[in-house]
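# Secondary and tertiary structure notes
Residues per chain are reported as follows:
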Amino acid sequence: MSVIVLVEHTEGTIKKKSLEAVQYAADIAKKLGTTATAIVAGNVAESEMQNLGNYGAAKVLYIGDNRLNQLHARAFTRILVTAARQEGSPVIVALHDVNGRAIAPRVAVQLKAGLVSGALSSPDMSDGFVVKKSAFSGKAFAFVNVTSQVKVVMLAPNSFPLVKGEGSAVIENLTVAFDEKDFGVTVQSVDQITGEIPLSDAELVVSGGRGMKGPENWGLIEGLAKELGAATACSRPVADAHWRPHHEHVGQTGGTVRPNLYIAAGISGAIQHLAGVSGSKTIVVINKDPEAPFFKAANYGVVGDVMEVLPRLTEAVKKFKAQQH
Ligand SMILES: Cc1cc2nc3c(=O)[nH]c(=O)nc-3n(C[C@H](O)[C@H](O)[C@H](O)COP(=O)(O)OP(=O)(O)OC[C@H]3O[C@@H](n4cnc5c(N)ncnc54)[C@H](O)[C@@H]3O)c2cc1C
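Under an unreviewed UniProt entry, the protein chain has the name Electron transfer flavoprotein alpha subunit and belongs to Mucilaginibacter phyllosphaerae. Per UniProt, the protein chain has the following entry under Sequence similarities (unreviewed entry): "Belongs to the ETF alpha-subunit/FixB family."

### Some remarks on the site of the ligand
With respect to spatial proximity, 25 residues lie near the ligand, and among them Arg210, Lys213, Ser235, Ser268 and Asn287 are the closest. At 2.9 Å from an oxygen atom of the ligand is found a main-chain nitrogen or oxygen belonging to arginine 236. Here an oxygen atom of the ligand and a backbone polar atom of serine 268 are 2.7 Å apart. When isolated, the ligand has an accessible area of 980 Å², and the protein chains bury 76% of it. Mapped by element, the contributors of at least two residues to the shell around the ligand are helix 6 (236-240) and helix 7 (271-277).

### Examining the side chain of asparagine 54
Structurally, the position occupied by asparagine 54 is in the loop between helix 2 (46-51) and strand 5 (57-63). You can call asparagine 54 buried: its relative accessible area is 18%. Reaching out from asparagine 54, the side chain makes a polar contact with the backbone nitrogen of glycine 167 at a distance of 3.2 Å.

### Quick notes on the domain arrangement of the protein chain
Structurally, the protein chain comprises domain 1 (2-183) and domain 2 (199-324). Between domain 1 and domain 2, the contact holds 9 residues from the first and 10 residues from the second. Approximately 820 Å² of surface area, both sides summed, lies buried where domain 1 meets domain 2, with 41% of it carried by carbon and sulfur atoms. Contact with domain 2 buries surface across domain 1, with Lys16, Ser137 and Asn158 losing the most and accounting together for 55% of the total. Taken together, the connections running from domain 1 to domain 2 amount to 1 salt bridge. Across the pair glutamate 203 and lysine 16 runs a salt bridge whose closest N-O atoms are separated by 3.5 Å. Across the domain 1-domain 2 interface, the total number found is 3 residue pairs in polar contact (both at pLDDT 80 or more). Of the residues contributing to the side of domain 1 that touches domain 2, the split by class is 3 nonpolar, 4 polar and 2 charged.

### Considerations on the sheet that holds strand 15 (residues 282-287)
In spatial order, the strands read 13-12-14-15-16; together these 5 strands make up an open sheet with parallel pairing. Taken across any chain shown, the strands that pair with only one partner, and hence form the sheet edges, are strand 13 (231-234) and strand 16 (300-303). On average, adjacent strands in this sheet sit at an angle of 15° to one another, irrespective of strand direction. One ladder, built from 4 bridges, connects strand 15 with strand 16; its direction is parallel. Residue isoleucine 286 lies in a different strand from strand 16, and its bridge partner there is valine 302. Across the sheet, helix 5 (residues 218-228) is in contact with strand 12 (204-208), strand 13 and strand 14 (261-265); its angle to strand 12 comes to roughly 175°. Lying over the sheet, helix 9 (residues 306-324) contacts strand 14, strand 15 and strand 16, oriented at roughly 135° with respect to strand 15.

Calculation rules
Residues numbered from 1 in each chain as written. Predicted model: local features only at pLDDT ≥ 70, side-chain atom pairs only at ≥ 80, totals over all residues. Heavy atoms only, no water. UniProt positions renumbered as here; feature names shortened; annotations may be inferred. Near = heavy atom within 4 Å. Polar contact = N/O pair within 3.5 Å; in protein donor to acceptor, adjacent residues only side chain to side chain. Areas by Shrake-Rupley, 256 points an atom, 1.4 Å probe, with all protein chains shown as cover. Helix = DSSP H or I, 4+ residues; strand = E, 2+ residues; numbered from the N terminus. Buried < 20%, exposed > 50% of the residue type's maximum accessible area, 1.4 Å probe, protein only. Domains from an automatic or database assignment. Contact = heavy atoms within 4.5 Å. Buried area = accessible area lost by both parts, 1.4 Å probe. Salt bridge = Lys/Arg side-chain N within 4 Å of Asp/Glu carboxyl O. Nonpolar A, V, L, I, M, F, W, Y, C, P; charged D, E, K, R; others polar. Pairing = 2+ DSSP bridges. Axes fitted to C-alpha atoms, helices over the stretch in contact; angles between N-to-C directions.

The structure is reproduced here in structure tokens:
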């Protein structure tokens, strides 16, 4: 018996959010008195897989099939179902992201398992299997008791702190009997988003809204982001107006971020925007209107003009960094 966890990678490099998922699965396994097994598919180097031992995986089940470098929901479902049956898994962990959303519900159906999406913390097993998750677009929390024998948990990225330990994982090959239909959908081309820090993995985010006035002023957002080592994001009207690419749009109809720091410059704080950012650990709001709703959700607020505040903040960060050397 072991808790299994699906691991995602980008061109062979295991994603940070998957390391979190492995650590999360190891935590559940410990509570259940068992171990965690990571499922890795596609072309991934042995050293990457061995590194999973440092995050609590006792074993890696590997299936090195080139076709699995892309998301094939049916094939990945079959992999997880095969592995879960082989391991007699009481709990299957996936991420609450695009891949997880395509795979985890199918796995739950096939294993007749209860599913909890958007998990924010390790389950409380003192009386059942109670998982905290976000509800109503991030405005509330729900505590869900999963009562089925087998459970599928989708972990929200950036909600389980990552701590690298020391450990080793045994790597074994997994054999799966695929059906041709598992690869029935062919991806013709992939537009890779090239940014220094992927928004979904970012621990620091600098975000701009309509108060930035136009794309010509985005150098101020990028300048601060560069100094902080942060990713950049934006509100929906900014993406709709093509000031910024759509993948940067966060909120109810965009991406969800849960960084340690979210700096919102010239964003009013509409509920649809807050739905995507309210899980941030610290929110800093810069807005010239003291009545802007975002201030109610902020940990720190600056009432001022972004055109003045952003350059001064960037200078202050630069100065602070110089003092550290
Ligand atoms: C179904 C639905 C889904 C939606 N989904 C999303 C979503 O996913 N994400 C999202 O963001 N929105 C979403 N919206 C839109 C949302 O309701 C708001 O309209 C939007 O978030 C506002 O964007 P904004 O704050 O950038 O712009 P505005 O509302 O125009 O606010 C601009 C802010 O900048 C401030 N400002 C102006 N000039 C300056 C300056 N010089 N210095 C400092 N501050 C300044 C103003 O005081 C104001 O608070 C959705 C709406 C609907 C109906």
